[in-house]
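Structure at a glance
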Amino acid sequence: MIGVDLVYIPRVKEVMNMRGEDFLERVFSPEERANLNLRPETVAGRFAAKEAMAKALGVGLFKAGFKNLIVTQDARGALCGRYKNDTFDLSLSHERDYAVAVARLRESGVPSVSNEAANLLPLVDKKDHKGARGKAAIVGGSAGMFGSVDLSSSAALRAGCGLSYAYVPDAVFNDFSLRMREVIVKKQSALDDLRGVDAVGIGPGMGRDRRARDVFLKVYALDLPMVVDADGLYHLAEAKAESAGPKIYTPHAGEMARLIGRDVDWINAHREAAVDECLALYGGVVVLKGHGTIVASKDDRVVNETGNAGMATAGSGDVLTGIITAFLAQGLDCFQAARLGVYMHGLAGDLAALHKSKWGLIASDLIEYLPEAFLRLEAARDLSEIERL
C-alpha cells in the first residue's frame, strides 16, 4: 500500500512559533526529537511522512498515533518509516511552500528497493515491438540436463527481452521443441544464426564432452555480448580460449576455484581476492555467486544485498544466466546487466520466500516472481522521480 501527503510549510512554521516544544513533543517521539532538524521545512516533511504512513496503513493518523509513526533511517542510511512491526519506504521532497511525502508499506522480509537498481531498468517505449526489445539466445543442454536451458531461456523472456532462443543438441531438437511455447528452439548445428541475436548465454546444462567443447569454442569466439556460466566455465578453464566480445562470467565458488587454479576453501575465505585474480586472467565482468554475491569489473564493484538461503537450489544459477542475458540483449553494458540481473534475481527470491518459505523454493519460482520484482523497481523509480521534482 502507498500513502501520499502534502503539508503547507508556512502553517507548520506558524504552529512552531506559537506552541514550540509542546508541538514537537505531541508529534514526535523522543527518538525522533533527539535527531530532529528544527527547520520548518524539515519538520513539515516529517509531519507529512507520518500522514503518508497512516494513509498507507489505512488506519488514519489519530488512530495510529503521531508518536507511534516513527521517521528514521535504515542500515544503509536511507529514510524509512516504522509503525509497530511494519516498515515503510519513504520519499520526501519540497516544492516552494509545500513538503511532499510518499510512503510505501514494505512486506515483512523484503528489503527496501534500491533506487540505483531501479534506475538501471531498461526503458519500455510505447512504440516497441518484439524485435525492438532485444533478442537473447541460450546455448546449452545435454542428456538429462535440458531443464537448465528451459529455465534460462524462460527467465530471459520474463526479464523483458522480446525474443528468446534456446540452442540445443540436434538429437533432441524435436522433443525439446514440444515442451517450449514462447521460447524459439534452434539446433546447435545452426549456430551461425547467433550472429543475428543481441546477446548470448552459454553453458547451462551443456555437458563436458567433446561435442559440448566444440560448441563452446565456436560460440565463445563470437563478437557478441555474452554470459558464460556452468559448463561453459568448465570449458573455458580447460581450453583457455581467447575472448572476442564483451563477457560476463558467473561462477560459484567451485567454478571459480577451477578458473583461477585455487581450492574452494581458499575461494570462500578470500572472495574479493578471488574476483581480482579472475579479472586479471579473463577481464570482463565477474559475478562470484553466493551469500553477498560480488559483481565486479576493472573499474566498478558492488556486493549484492538481495537474496536468501532458500535460493540455494538446483537451477537457480540458470535463471540468473537468463536474466542477465536478457538485460544485455536490451542494451545494458556488461556491468549494468550483471548488477541489475543479480539484484532482480535476489529480489524475486525474497518475494518468493515470503509466499513459499525458504524451504519450499525451487528455481522456477524465481521466474514466477520476476514480474512482482519489476513492479517494485518501477515504483521505486517513480518515487525517485518525485523526489527530484
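Scroll up to find the structure.
Note that the coordinates shown come from a computational prediction; the quantities given were computed from them, not determined experimentally.

**Quick notes on the pairing of strand 4 (residues 86-95)**
One ladder, built from 4 bridges, connects strand 3 (residues 79-83) with strand 4; its direction is antiparallel. Within the sheet, the bridge partner assigned to Arg82 lies in strand 4 and is Thr87. The hairpin formed by strand 3 and strand 4 contains 2 residues between the paired strands, and Lys84 there has a positive phi angle of roughly 55°. Across 8 bridges, strand 4 lies against strand 5 (residues 98-105) in antiparallel orientation. Paired with Glu95 across the strands is Tyr98, a residue of strand 5. Linkage of strand 4 to strand 5, two consecutive antiparallel strands, is achieved through a turn of 2 residues, within which Arg96 is found at a positive phi near 55°.

**Points about helix 13 (residues 271-282)**
The end-to-end C-alpha separation of helix 13 is 16 Å, in line with the 16 Å expected for 12 residues at 1.5 Å each. At the exit of helix 13 stands Gly283, carrying a positive phi of roughly 70°.

**Quick notes on a nonpolar patch on the surface**
Judged by side-chain polarity, Leu6, Tyr8 and Tyr98 come together as a nonpolar surface patch covering roughly 310 Å² of accessible area. When its relative accessible area of 40% is taken as the criterion, Tyr8 is described as partly exposed.

**Here's the deal with the packing of helix 11 (residues 253-260) against helix 13**
Each pair of packed helices can be described by the angle between their axes along with the distance between the axes. Where helix 11 contacts helix 13, the axes come no closer than 10 Å and their chain directions differ by 50°. Overall, the two elements helix 11 and helix 13 adopt an arrangement that is oblique. The element helix 11 and its partner helix 13 pack so that their crossing is left-handed. Residues Met256, Leu259 and Ile260 of helix 11 form the contact with helix 13, whose participating residues are Ala274, Val275, Glu277, Cys278, Leu281 and Tyr282. By residue class, the composition of the contact of helix 11 with helix 13 is 8 nonpolar, no polar and 1 charged.

**Here we look at the side chain of Asp150**
As for its position among the elements, Asp150 is in helix 7 (residues 146-158). Sequence-distant contacts of Asp150, defined by excluding residues within four places in its chain, comprise Phe176, Arg179 and Met180.

**A closer look at the nonpolar core**
Core analysis: the largest hydrophobic core is formed by 51 residues, its most contacted members being Ile248, Val295, Val319, Phe327, Leu340, Met344 and Leu377. Secondary structure elements with two or more residues in this core: helix 6 (115-118), helix 7, strand 12 (285-288), helix 14 (316-329), helix 15 (334-356), helix 16 (363-368) and helix 17 (370-388). It is helix 15 that contributes the most residues to this core, 13 residues altogether. Apart from residues no more than four positions distant in its own chain, Met344 is found in contact with Phe327, Leu370, Ala373, Phe374 and Leu377. Ranked by size, the runner-up nonpolar core spans 40 residues in total, among them Tyr167, Phe216, Val219 and Ile294.

**Digging into the sheet that holds strand 5**
Taken in spatial order, the 5 strands make up an open sheet running 1-5-4-3-2, and their pairing is antiparallel. Sheet topology places strand 1 (2-8) and strand 2 (70-73) at the edges, where each strand pairs with a single neighbour. Recorded for the sheet is a direction-independent mean angle of 30° between the axes of neighbouring strands. Alignment of strand 1 against strand 5, held across 7 bridges, turns out to be antiparallel. Paired with Leu6 across the bridge in strand 5 is Val100. Helix 1 (residues 9-19) contacts strand 1, strand 4 and strand 5 of the sheet and is inclined by roughly 65° relative to strand 1.

What counts, and at which threshold
All residue numbers refer to position in the chain's written sequence, counted from 1. Where local features are concerned, this predicted model is filtered to residues with pLDDT of at least 70; where side-chain atom pairs are given and counted, the filter is 80 or more; whole-chain, interface and lining totals use all residues. Side-chain metrics in this entry use all non-hydrogen atoms of the structure; hydrogen atoms and water are not considered. When DSSP finds at least two bridges between two strands, those strands are taken to pair. Secondary structure elements follow DSSP: runs of H or I no shorter than four residues count as helices, runs of E no shorter than two count as strands, and numbering proceeds from the N terminus. Multiplying one less than the number of residues by 1.5 Å gives the expected span of a helix. For patch building, the residue pool is restricted to those with more than 30% relative accessible area and no salt bridge; the joining distance is 9 Å between like charges and 5 Å between nonpolar side chains (Val, Leu, Ile, Met, Phe, Trp, Tyr). Note on areas: these come from Shrake-Rupley sampling with a 1.4 Å probe, and a residue is covered only by the protein chains present in the view. Here a salt bridge means any side-chain nitrogen of Lys or Arg lying within 4 Å of a carboxyl oxygen belonging to Asp or Glu. Type-normalised accessible area, obtained with a 1.4 Å probe on protein chains alone, sets the label of each residue: buried when under 20%, exposed when over 50%, and partly exposed for intermediate values. Only the stretch in contact is used when fitting a helix axis, every axis being a line fitted to C-alpha atoms; angles between N-to-C directions are given from 0 to 180 degrees. What sets the label is the angle itself: under 35 degrees gives roughly parallel, over 145 gives roughly antiparallel, 65 to 115 gives roughly perpendicular, and the rest give oblique. Less than a right angle of anticlockwise turn of the near helix away from the far helix marks a crossing as left-handed, whereas a clockwise turn marks it as right-handed. By definition, residues are in contact when any of their heavy atoms lie within 4.5 Å. Each residue is assigned to one of three groups, with Ala, Val, Leu, Ile, Met, Phe, Trp, Tyr, Cys and Pro labelled nonpolar, Asp, Glu, Lys and Arg labelled charged, and all others, Gly among them, labelled polar. Note on terminology: a nonpolar core comprises buried Ala, Val, Leu, Ile, Met, Phe, Trp, Tyr and Cys residues joined through side-chain atoms within 4.5 Å.

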